[in-house]
Amino acid sequence: MSEADAVFLIARNEFSRIFGHPMAMIVVCVLIVMMLVTGIASGSLLIKPLKYAFEYRLSPDEMIYSGIGGVFYNVFLFLTILSLFLGVAALPEERSNGSLRVLMTKPLYKRDIILGKFMGMSTFILMIITLEIAILALIYILMFQGQGFRSIPEIFLRLGFLVFLIFLNSTLMLGLTMFFGTLTKSLFGTLILSVSYLYFEYYLQVPSLISQLQFSPSRLLFSAYAISDINLLNNTFPFSAWFYSALPFIILMVLEVIIIVILDCFMFNVNEDL
Amino acid sequence: MMNNRYIFLVLALYFFMVSYTVYDIYSKISGSTPDVNLFEAIVSHYFSIISVYGMLIGIVVGFMAVSSERRNHALNTLIVKPVYRDMIINGKFIGSLGYLFCIFFIVTILYISELLLFYGNSFISIFPEIFAKIIPLFVASLLYVLIFFFLSMLLSIIIKGQSYALILSIFLWEVFKGNILGGISTILSSIGMADYRDVSNFISGAIPFTISDEFNMYVQEHSTSIISIFFPPNFELVKLILYLVIMVVLCYIAFLRSDIS
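This text gives an overview of the structure that appears in the document. Here the structure is a predicted model, which means the values were calculated and not measured.

**Focus: the packing of helix α7 (residues 110–143) of chain A against helix α8 (residues 152–184) of chain A**
Helix packing geometry: the angle between the two helix axes and the distance between the axes.
Residue and element names in this part refer to chain A.
Okay, so step 1: It is the contact of α7 with α8, at a shortest axis distance of 9 Å, that shows an interaxial angle of 145 degrees. Crossing of α7 against α8: the hand is right-handed. Here I114, K117, F118, M121, S122, I125, L126, I129, T130, I133 and A137 of α7 come into contact with α8, specifically with L159, L162, V163, I166, F167, S170, T171, L174, G175, M178 and T182.
Okay, so step 2: Of the residues in the contact of α7 with α8, the class split is 15 nonpolar, six polar and one charged.

Okay, structure coming up:
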């Protein structure tokens, strides 16, 4: 069995472990309901849409973009929390039930275990993000019966990149919490570190208070999403204009994810033993 | 928990928050003579410093109280001993309450010390008044955090998956913050099923987040006796206690009836 096959097997096992849990569907449903409620209420855009479209002279494209843009903050925050706690419990759970010890006696590199777990959980997160954005987009498209949109492929392109941005942010959070898990090797320590990070980065927004913290995940995400007026979900600017201005931030986010996964592997290699 | 080294991390982060807040207040109100603005700023920031991050710590501590014992199978050993199950819950509650009380107490001392350092004599002259306001706010913060402590404990008893119990605790916090119920009231009023003002008034009077916020405002604005502060006209503190009692009862029922394996 090649190394890639081993990683893939661990990833598949991790995915089925999370997805197969009875609570998974409840959490996904809660997430979708919360997002829909906050989304609908924040813009009131899904209620009597034609009335609003008429009053504010909004085109179907503007409706879909402003509606989904309105829930952007909630979606990314909820998914960040989801990633955080999936990452927190990933290693301690396996440590406590002894399956990590069994896994480490197998002819596998330690990095394969981390990579497999990371990939399995990332796939689950990607599935949820796609599902959430797709549901919202489909509601709008169905409401207008697919009529009046300037370009359906462009909508998919923009929303696809929105999914990608949220996914990068979530995986970064996942990688960070796994890093805390390998560093502290205790559930309490991992939880305290992760929750503190969540509070300071996303609730207190310390990076926005300290101007030097340009590379913080939340700042990169917001910078990539909207650079001055050029917003991913603002169709008055062509997609290419947003893409070229957001590209440096996207590259930085990808680099951060790669660095944190390497750090996870390194820390697991150094810290974890039988 | 007090022996755990992570308490230093929590305190260090609180220290950062307190220092930043005091510096922020000082950069806006740096006069040598105390005025109403300084008084209001000191009191209003105190509650937000303690309660928001404290609530997250409360969730973690509540989760760990049951989950860690379940993970290392200590709970199994504990329930075969000649102790009632409610004793286990009582013990965990008292221990965690002591932990949270200690953290909040240290943070309060830190806050007062830093204010003293920045403002000197002008702070000393308003200190008795501030102290009288800080006591009820301290109690309210502790009650508010304990609601989430028991909520998290309840979920970790009911739900076997650790990560899902934590996720739902945080989501319920979002619900208690009123975002979701506020959203529902907007939707109901938009489709003409309810009057927005009535629904939002009802929600703001029923959610721990807004209850504690209103209590905070009341304490800031009214300089009356301790008794009237503890029992304001809208009974905010009583509502918080009621929430806490409901959570405690639910925790008891769940723990007494749960199958420990």
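**Considering the layout of surface pockets**
Okay, so step 1: Taken as a whole, the largest pocket spans an internal volume of roughly 480 Å³.
Okay, so step 2: Lining the largest pocket are 24 residues, and of these E93, S96 and N97 of chain A together with K160 and Q162 of chain B sit closest to its centre.
Okay, so step 3: Put simply, the parts of the chain that give the lining of the largest pocket at least two residues each are α1 (3–19) and α5 (72–96) of chain A together with α2 (36–71) and α6 (162–177) of chain B.
Okay, so step 4: When residues in the lining of the largest pocket are grouped by element, the largest group, six residues, is from α5 of chain A.
Okay, so step 5: For the lining of the largest pocket, a count of residues per class yields seven nonpolar, 11 polar and six charged.

**With respect to the side chain of E256 of chain A**
Okay, so step 1: Mapped onto the elements, E256 of chain A comes out in helix α12 (residues 239–271).
Okay, so step 2: The side chain of E256 of chain A is buried and forms no salt bridge, while R219 of chain A, the nearest opposite charge, is found at 11 Å.

**What to know about the packing of aromatic side chains**
Okay, so step 1: Counting across every chain of the model gives 33 aromatic pairs over all chains.
Okay, so step 2: Taken together, a centroid distance of 5.7 Å and an interplanar angle of 70 degrees make the contact between F161 of chain A and W242 of chain A edge-to-face. On the criterion of sequence distance, the pair formed by F161 of chain A in helix α8 and W242 of chain A in helix α12 is long-range, its members being 81 residues apart.
Okay, so step 3: Ring centres 5.4 Å apart and planes at 70 degrees place the aromatic pair Y26 of chain B and Y119 of chain B in the edge-to-face group. Residue Y26 of chain B is found in helix α1 (residues 6–28), and its partner Y119 of chain B is found in helix α4 (residues 85–119); the two are separated by 93 residues along the sequence.
Okay, so step 4: According to the relative accessible area criterion, Y119 of chain B is buried, its value standing at 7%.
Okay, so step 5: Taken together, the ring pairs in this structure connect F161, F164, F239, W242, F243 and Y244 of chain A into an aromatic cluster.
Okay, so step 6: Its guanidinium or amino end placed over the ring of Y109 of chain A, R111 of chain A lies 4.4 Å from that ring's centre, counting from NZ or CZ.

**What about the pattern of salt bridges?**
All names here are of chain A.
Okay, so step 1: According to the stated counting rule, one finds three salt bridges over all chains in the structure shown.
Okay, so step 2: Salt-bridge contacts for E14 lead to K117; the nearest nitrogen and oxygen are separated by 2.7 Å. Of this pair, E14 sits in helix α1 while K117 sits in helix α7, placing them 103 residues apart in sequence. K117 carries the same exposure label as E14, and that label is buried.
Okay, so step 3: For R158, the salt bridge goes to E154, with nearest N and O atoms at 2.8 Å. Placement of both R158 and E154 in helix α8 is noted, with a separation of four residues, approximately one turn of the helix.
Okay, so step 4: R158 sits in the buried class, given a relative accessible area of 0%.

Calculation notes
- Residues numbered from 1 in each chain as written.
- Chains lettered and ligands numbered in written order.
- Predicted model: local features only at pLDDT ≥ 70, side-chain atom pairs only at ≥ 80, totals over all residues.
- Heavy atoms only, no water.
- Axes fitted to C-alpha atoms, helices over the stretch in contact; angles between N-to-C directions.
- Helix = DSSP H or I, 4+ residues; strand = E, 2+ residues; numbered from the N terminus.
- Left-handed = near helix turned anticlockwise from the far one by under 90°.
- Contact = heavy atoms within 4.5 Å.
- Nonpolar A, V, L, I, M, F, W, Y, C, P; charged D, E, K, R; others polar.
- 1 Å grid on protein atoms, 1.4 Å probe; cavity = no way out; pocket = protein on both sides within 12 Å on 5 of 7 lines; lining within 4 Å.
- Points joined across faces, edges and corners; volume = space filled by probe spheres on them.
- Buried < 20%, exposed > 50% of the residue type's maximum accessible area, 1.4 Å probe, protein only.
- Lys, Arg positive; Asp, Glu negative; His and termini not counted.
- Salt bridge = Lys/Arg side-chain N within 4 Å of Asp/Glu carboxyl O.
- Phe/Tyr/Trp six-rings, centres within 6.5 Å; stacked < 30°, edge-to-face > 60°.
- Lys NZ or Arg CZ within 6 Å of the ring centre and 35° of its normal.

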